[in-house]
Amino acid sequence: MSQFNAPSVRTRLVREADRAVYDRAAAYRILDEGFICHVGFVIDGQPFVIPTGYGRIGDSLYIHGSAASRMLRRVDEGIAVCVTVTLLDGLVLARSIFNHSMNYRSVVILGTAVAVNDAKEKLEALRLLSEHILPGRWAESRQPNDKELKATLVMRLPIEEFSAKVRQGPPVDDEDDYAFPTWAGVIPLETVAGEPVNDPGLDPAREIPAYARQYSRKR
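Quick summary incoming for the structure in this document. Remember, it's a predicted structure, so these values are computed and weren't measured experimentally. (Residues numbered from 1 in each chain as written. Predicted model: local features only at pLDDT ≥ 70, side-chain atom pairs only at ≥ 80, totals over all residues. Heavy atoms only, no water.)

Here we look at the overall build of the protein chain
Rules: A helix here means a DSSP run of H or I that spans at least four residues, while a strand means a run of E at least two residues long, and both kinds are numbered starting from the N terminus. Between two residues, a contact is recorded if the distance between any of their heavy atoms is within 4.5 Å. Per-residue accessibility takes into account occlusion by the displayed protein chains alone, with areas from the Shrake-Rupley method and a 1.4 Å probe. Lys and Arg are tallied as positive, Asp and Glu as negative. Neither His nor the chain termini are counted. Charge positions come from single atoms, namely NZ of Lys, CZ of Arg, CG of Asp or CD of Glu.
Scanning the protein chain from N- to C-terminus turns up five helices and ten strands. For the C-alpha atoms alone, the extent of the protein chain along its principal axes is close to 65 × 50 × 35 Å. Taking all contacts inside the protein chain whose residues are at least 6 apart in sequence as the whole, residues at least 24 apart take part in 71%. Carbon and sulfur atoms make up 55% of the accessible area of the protein chain, which amounts to about 13,500 Å² in all. Within the protein chain, the 29 negative side-chain charges are centred at a point lying 4 Å from the centre of the 27 positive side-chain charges.

Considering the packing of aromatic side chains
Pairs of aromatic rings are described using the distance from one ring centre to the other and the angle between the two planes. Which entries qualify depends on this criterion: In this analysis, rings of Phe, Tyr and Trp, with Trp reduced to its six-membered ring, are considered paired at centre separations within 6.5 Å, and the interplanar angle assigns stacked below 30 degrees, edge-to-face beyond 60, and tilted for intermediate values. Burial here depends on accessible area, computed with a 1.4 Å probe over protein chains only, as a share of the maximum for the residue type. Under 20% is buried, over 50% is exposed, and the range in between is partly exposed.
By the definition in use, this model includes one aromatic pair. Taking 5.6 Å as the distance between ring centres and 20° as the angle between the ring planes, the aromatic pair formed by Phe41 and Phe48 counts as stacked. When its relative accessible area of 5% is taken as the criterion, Phe41 is described as buried. Looking at Phe48, the relative accessible area reads 22%, which means it is partly exposed.

A closer look at the nonpolar core
Put simply, the rule reads: Definition of nonpolar core: a set of buried residues of the types Ala, Val, Leu, Ile, Met, Phe, Trp, Tyr and Cys, connected through side-chain atoms within 4.5 Å.
Ranked by size, the top nonpolar core spans 31 residues in total, and within it Leu31, Val83, Ile109 and Met155 carry the most contacts. Going through the elements one at a time, α1 (24-33), β2 (36-43), β4 (60-66), α2 (70-75), β5 (80-93), β6 (101-112), β8 (152-158) and β9 (161-167) are the ones with two or more residues in this core. If you tally residues by element for this core, the top one is α1, at five residues. Each residue touching Leu31, except ones within four places of it in the same chain, is listed here: Tyr54, Arg56, Val85, Val107, Ile109, His132 and Ile159. Counting eight residues, the second largest nonpolar core, distinct from the first, contains Tyr62, Ala125, Leu126 and Val154.

Structural notes on the pairing of β5
What counts is decided by this rule: Each pair of strands is called paired provided DSSP finds at least two bridges between the two strands.
Relative to β5, β2 runs antiparallel, the two sharing three bridges. Of the residues in β5, the one forming a bridge with Val39 is Val83. The pairing of β5 with β6 spans twelve bridges and is antiparallel. Bridge pairing in β6 places Val85 opposite Val107.

Considerations on unusual backbone geometry
Trans peptide bonds make up most of the peptide bonds, and negative phi angles are found at most residues other than glycine. Backbone geometry places Asp44, a non-glycine residue, at a positive phi of 50°. In this structure, Asp44 sits in the loop between β2 and β3 (46-57).

Quick notes on the pattern of salt bridges
Where we set the bar: Salt bridges are defined as contacts in which a side-chain nitrogen from Lys or Arg sits within 4 Å of a carboxyl oxygen from Asp or Glu.
With the rule as written, the count across this model stands at eight salt bridges. With a shortest N-O distance of 3.5 Å, Asp59 and Arg24 are connected by a salt bridge. One end of the pair, Asp59, is in the loop between β3 and β4; the other, Arg24, is in helix α1, and 35 residues separate them in sequence. Note on Arg24: relative accessible area 10%, which makes it buried. Note that Arg142 and Glu148 form a salt bridge whose closest N and O atoms lie 2.7 Å from each other. With relative accessibility at 31%, the residue Glu148 sits in the partly exposed group. Sharing partners across several salt bridges, the network here consists of Glu33, Asp89 and Arg105.

A look at α1
Burial of α1 is extensive: eight of the ten residues sit out of reach of the surface. Those residues of α1 lying buried are Arg24, Ala25, Ala26, Ala27, Tyr28, Ile30, Leu31 and Glu33. Contacts from the buried residues of α1 go to β1 (20-21), β3, β5, β6, α3 (119-133) and β9.

With respect to the side chain of Ser106
With respect to the secondary-structure elements, Ser106 resides in strand β6. When neighbours within four sequence positions are excluded, Ser106 is seen to be in contact with Ile30, Val85, Thr86, Ser163, Ala164 and Lys165.

Overview of a nonpolar patch on the surface
Note the threshold: Nonpolar side chains (Val, Leu, Ile, Met, Phe, Trp, Tyr) are joined into patches within 5 Å and like charges within 9 Å, using only residues with over 30% relative accessible area and no salt bridge.
Side chains of Leu88, Leu91, Met102, Trp183, Ile187 and Leu189 sit close together on the surface and give an oily, nonpolar patch of about 530 Å² of accessible area. Position of Leu189 relative to the elements: it lies in the loop between β10 (185-188) and α5 (210-213).

Structure, rendered in structure tokens:
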């Protein structure tokens, strides 16, 4: 169900405001299709942007990594973060090189993340991260042991202050350029899974599971 989320001063789009999306359900569809988020933060005046996997439960985004990670350890100290997810849908070729563009969907989330210390929530978050990437895999894999859980830090970021931005459709040229003699249009792009490749050490009798054979990022 759609739910309009009033943008804050920091998340309201000013440039190309017509591409802004403040609907929570639309933003969640983008998050649920993506693989990787980029986490931006500042330490001692130095900006960092780190790519990492993520997963979502309700209005919370979960990220994880090594307990020794400088990023996660500092994020757990309460510093502000900016999390971005972008899906590239196509290359937009206009008649004018200046008007070339890309079709995309993106979400930006601002906030403060906290470490997940509850053992049950932590395990559920890790299951979520696995299922976000490959649904069905968690149940068929060895579960994390105590040593692995202790070496892993999971962070929860409330999805409260956010906005999405979407560009779709054909190129937009200046009126005078429509007569320019060159091809114009869109080259669609999408993530397509190839044929699964068996591990060389796999039992030859082991069949490829359906979730691997039929894998798709479409939601």
